[in-house]
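So you can see what is in the structure, the chains are spelled out below.
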Amino acid sequence: MTKNISSGGFGATLILALLLVFVSVAAGAGLVYLIWNPTQPDEPTVVEGIQRLNELATVKYTTQVLVTEEENAEIFRQPLPEFLTGEKVLLVAVGEVEAGVDLDELGPEDVRVTGNTVYIDLPAARILDSSLDEDKTRVYDRDRGVLKIRGNDDLIEEARRDAEDRMVEAAKDNDIL
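Remember, it's a predicted structure, so these values are computed and weren't measured experimentally.

For the rest of this paragraph, the subject is helix α3 (residues 153–173). Compared with an ideal rise of 1.5 Å per residue, which puts 21 residues at 30 Å, α3 spans 30 Å between its outermost C-alpha atoms and is within 8% of the ideal. Listed in full, the buried residues belonging to α3 are L155, I156, A159, R160, A163, M167, V168, A170 and A171. Turning to α3, the residues buried within the fold contact β1 (55–71), β4 (87–102), β7 (126–132) and β8 (138–144). One or two steps after α3, the chain reaches D175, where phi turns positive at roughly 55°.

A contiguous nonpolar surface patch, about 600 Å² in accessible area, is contributed by L56, L103, V111, V113, V118, I120 and L122. By secondary structure assignment, the location of V111 is in strand β5 (residues 111–114).

Side chains of D165, E169, D173 and D175 sit close together on the surface and give a patch of like negative charge. Along the chain, E169 falls in helix α3. Exposure remark for E169: the relative accessible area of 41% places this residue in the partly exposed category.

Our next topic: the nonpolar core. Counting 16 residues, the largest nonpolar core has Y61, V65, A93, V97, I127, A163 and I176 as the members making the most contacts within it. Secondary-structure elements contributing two or more residues to this core are β1, β4, β7 and α3. Counting residues per element, this core draws most heavily on α3, at 6 residues.

For the rest of this paragraph, the subject is the confidence of the model for the protein chain. Regions with low pLDDT should not have their predicted coordinates read in detail. Confidence along the protein chain averages 80 in pLDDT terms, with 77% of residues attaining 70 or more. By mean pLDDT, the top-scoring element of the protein chain is β7 (92), and the lowest-scoring one is strand β2 (residues 74–75) (64).

What follows covers the pattern of salt bridges. Tallied over the full model, the rule gives 9 salt bridges. Here E87 ties to R142 by a salt bridge, and the two come within 2.9 Å at their closest N and O atoms. Placement of E87 in strand β4 and of R142 in strand β8 is noted, with a sequence separation of 55 residues between them. A salt bridge links D153 to R142; its shortest N-O distance comes to 3.5 Å. Here R142 lies in strand β8 and D153 lies in helix α3, a separation of 11 residues in the sequence. A single salt-bridge network, built from bridges that share partners, covers K60, E96 and E98.

In terms of strand pairing, β5 meets strand β6 (residues 117–120) through 4 bridges, oriented antiparallel. Following the sheet pairing, T114 is matched in β6 by T117. Between the antiparallel neighbours β5 and β6 lie 2 residues, among them G115 with a positive phi of about 65°.

The next thing to look at is the environment of G107. Relative to the assigned elements, G107 resides in the loop between β4 and β5. Assessed through its relative accessible area of 14%, G107 is described here as buried. C-alpha separation for the pair G107 and L122, spaced 15 residues apart in sequence, amounts to 9.7 Å.

Reading the values: rules and limits
- Residues numbered from 1 in each chain as written.
- Predicted model: local features only at pLDDT ≥ 70, side-chain atom pairs only at ≥ 80, totals over all residues.
- Heavy atoms only, no water.
- Helix = DSSP H or I, 4+ residues; strand = E, 2+ residues; numbered from the N terminus.
- Expected span 1.5 Å × (residues − 1).
- Buried < 20%, exposed > 50% of the residue type's maximum accessible area, 1.4 Å probe, protein only.
- Contact = heavy atoms within 4.5 Å.
- Patch = residues over 30% accessible without salt bridge, like charges linked within 9 Å, V, L, I, M, F, W, Y side chains within 5 Å.
- Areas by Shrake-Rupley, 256 points an atom, 1.4 Å probe, with all protein chains shown as cover.
- Salt bridge = Lys/Arg side-chain N within 4 Å of Asp/Glu carboxyl O.
- Lys, Arg positive; Asp, Glu negative; His and termini not counted.
- Charge placed at Lys NZ, Arg CZ, Asp CG, Glu CD.
- Core = buried A, V, L, I, M, F, W, Y, C linked by side-chain atoms within 4.5 Å.
- pLDDT = per-residue confidence, 0-100.
- Pairing = 2+ DSSP bridges.

This is the structure:
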């Protein structure tokens, strides 16, 4: 006597169908929750300041300058030999100088309307900004005297300031105004 047992059948199909419906409803509910309840950032956004620039930059001048700064110690107001206590820094500075018009200087008397034409007397162009490119500016060479153990980092900062001043002068010499 043998019995024929079939696997699956109506019960297994019903369980799979109910499982599919349950997963679909859960996914739909999760999607609706995400749409109607957007996530908020963990940290609040703080506006630290708003600044009206009122500047019209008309020229951006990019330049590279070489700056050498030197320093030497003195004893009794007499300089010591450079090879003993001197220090020299050679800085390769790359940066930009922007020139244009400061629109804050415009007044009501600078704007005239004649028929369908508007005349604006713009103030004289001037240097608006200058900055060094930190990624490209570098100390190319630094020499210290035999007795100079630690270098003077202020010398590098002085070279950076001088480099920015030279960039502005080079821009003016090349008539960017």
